[in-house]
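Architecture at a glance
Listed below are the residues making up each chain.
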Amino acid sequence: MNKESLLREFRKKQYRFFGNGDAAIQVCEWNKKALRGKGHCYKQDFYGAHCISCHQITPSALWCNNSCVFCWRPMEYMRGKPPSPLSPEKMIEGLIEERKILISGFKSSGASARKRYDEAMEEKHWAISLSGEPTLYKKLPQLISLLKKRPKTETVFLVSNGQNPKMLFQLWEKNSLPTQLYISIAAPNKGLYRKITCNTEKNGWKNYLKSLALLKLLPCRTVIRLTLIKELNYSEETLCEFAEVLEAVQSDFIEVKAYMNLGFSRRRLKYEAMPSHSEVKAYSEQLLEKMPSYAYESEKKESRIVLLKKRKSRFKTKIIERD
Ligand code: SF4
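Everything numeric in this text was worked out from a predicted model, so none of it was measured.

1. Here we look at the layout of surface pockets
There is about 330 Å³ of room inside the second largest pocket. Around the second largest pocket, the lining is made up of 15 residues, and of these Thr135, Leu136, Gln163, Asn164 and Lys166 lie nearest the centre. Those elements giving two or more residues to the lining of the second largest pocket turn out to be helix H7 (165-173) and helix H9 (204-215). Top contributing element to the lining of the second largest pocket by residue count: H7, with 4 residues. Among the residues making up the lining of the second largest pocket, the classes are represented as 4 nonpolar, 6 polar and 5 charged.

2. Observations regarding the pairing of strand S10 (residues 305-310)
Among the 6 residues of S10, 6 are classified as buried, and the element is accordingly described as predominantly covered. The side-chain alternation of S10 yields two buried faces, one formed by Ile305, Leu307 and Lys309 and the other by Val306, Leu308 and Lys310. The pairing of strand S8 (residues 253-258) with S10 spans 5 bridges and is classified as antiparallel. Each residue of the ladder has a partner; that of Phe253, found in S10, is Lys309. Relative to S10, strand S9 (residues 294-300) runs antiparallel, the two sharing 6 bridges. In the sheet register, Lys300 faces S10, and the bridge partner there is Ile305. Between S9 and S10, which pair antiparallel and follow one another directly, the connecting turn spans 4 residues, one of which, Arg304, has a positive phi of 50°.

3. Section: the site of the ligand
Every residue lining the ligand is accounted for by Cys28, Cys41, Lys43, Cys51, Cys54, Gln56 and His125. Taken together, the residues that form the shell around the ligand break down as 4 nonpolar, 2 polar and 1 charged.

4. Some words on the sheet that holds strand S4 (residues 125-128)
Taken together, 10 strands build an open sheet; the order of strands is S1-S2-S3-S4-S5-S6-S7-S8-S10-S9 and the sheet is mixed. Bordering the open sheet on either side are strand S1 (16-18) and S9, each of which pairs with just one other strand. Here the average twist between neighbouring strands, direction ignored, is 25°. Examined bridge by bridge, S4 and strand S5 (residues 155-160) share 4 bridges and lie parallel to one another.

5. Considerations on the pattern of salt bridges
Within the structure shown, the criterion is met by 16 salt bridges. With its nearest N and O atoms 2.7 Å apart, the salt bridge here joins Lys230 to Glu279. A residue pair is termed long-range when its members are at least 10 positions apart, and Lys230 in the loop between strand S7 (221-228) and helix H10 (236-249) and Glu279 in helix H11 (residues 277-289) qualify at 49 residues. For Lys230, a relative accessible area of 22% corresponds to the partly exposed category. Residue Glu279 is classed as partly exposed on the basis of its relative accessible area, which comes to 23%. In this structure, Glu299 engages Lys281 in a salt bridge whose closest nitrogen and oxygen atoms are separated by 2.9 Å. Linking Glu299 in strand S9 with Lys281 in helix H11, this pair joins segments that are 18 residues apart in sequence. Linked through salt bridges whose partners overlap, the residues forming this network are Glu122, Lys124, Glu154 and Arg322.

Criteria and cut-off values
- Position numbers for residues count from 1 along each chain, tracking the sequence in the order it is written.
- Owing to the predicted nature of the model, reporting of local features is limited to residues with pLDDT of at least 70; listing and counting of side-chain atom pairs is limited to 80 or more, with chain, interface and lining totals taken over all residues.
- Computation of side-chain values covers all heavy atoms of the structure but excludes hydrogens and water.
- Definitions used for this entry: grid spacing 1 Å over protein atoms alone; cavity, a set of points where a 1.4 Å probe fits but cannot get out; pocket, an open set with protein on both sides within 12 Å along at least 5 of 7 lines; lining residue, one with an atom within 4 Å of a point.
- Grid points are joined across faces, edges and corners, and a volume is the space filled by probe spheres set on the points.
- Secondary structure elements follow DSSP: runs of H or I no shorter than four residues count as helices, runs of E no shorter than two count as strands, and numbering proceeds from the N terminus.
- In the scheme used here, Gly and all other residues not listed as nonpolar or charged are polar, with Ala, Val, Leu, Ile, Met, Phe, Trp, Tyr, Cys and Pro taken as nonpolar and Asp, Glu, Lys and Arg as charged.
- Partly exposed describes any residue whose relative accessible area lies between the buried limit of under 20% and the exposed limit of over 50%, with all areas from a 1.4 Å probe on protein chains only and scaled to the type maximum.
- At least two bridges found by DSSP between two strands are what make those strands a pair.
- Nearness of a residue to a molecule or strand requires only that one of the residue's heavy atoms be within 4 Å of it.
- The axes used here are C-alpha line fits, helices contributing only the stretch in contact, and every angle between their N-to-C directions lies in the interval 0 to 180 degrees.
- Each salt bridge in this description consists of a side-chain nitrogen of Lys or Arg and a carboxyl oxygen of Asp or Glu lying within 4 Å of one another.

The quantities given are spatial measurements derived from coordinates; they are silent on function.
So this is what it looks like as structure tokens:
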């Protein structure tokens, strides 16, 4: 699949791009629900992130150094390094304009709908988590600093696959860490890591462990997102290994989440690979039995997710008090 056909695939999913396909934005289903006044995502439930004005972006839409079997995107075609980095200032302004087009259909005369539309324009929450690996974007520190300085910004979340510890360190050094930094985990050992992420980098596992080790040193909120996939990492053996790794990493939060059988992942995994919410809950409870540092904090059934929190975390769970 070449770049043009990749862009076509993403446009079908209502991605809008800035630059020649380097950066992108999308309005997710939860964001649309919020615009219809029909609820909001678990990041608002758990942390108070402003779902309705979420700008879900990526500076590296078509590039990742992993090819995770559970990923919704066409990972098989998204390898390699992104081209020259776009100006973060132009990218932000460009993506804001693209999002206006994406939500223009929600602009209506009805008072409440209009009020929600105006709220959605407030860009209080930025989620750098859309597609690809954002730490491959060389100007990520500038991008995050600019987003944090914007007058209306309350929260900036960054989701990384942990393959680039140098960039995470740079964010720290340049005082450009996000409000909340996520590293995703789907394997507690090198063998399973290679099998699930299809990572072929010589030092892939080493890089990953370096990023995990960095988390407890960073002054920002840290989250490990554990994706459970039946018949791959959802087992008694992995339970003990995950508990050991997670206890050592000491992130402030752990999101234990079900793999969701969506998008391109359906070409790689069966529907049955998706754990139910009760299975995710049961696995989380068993994890807690082996992890004295952590306690149950919350859950959201529709998203098949359970939140665990480090007992000694210095952060309140809610960043912003909102329902
Ligand atoms: S934080 Fe994530 S789930 Fe919530 S609205 Fe933004 S992109 Fe959607």
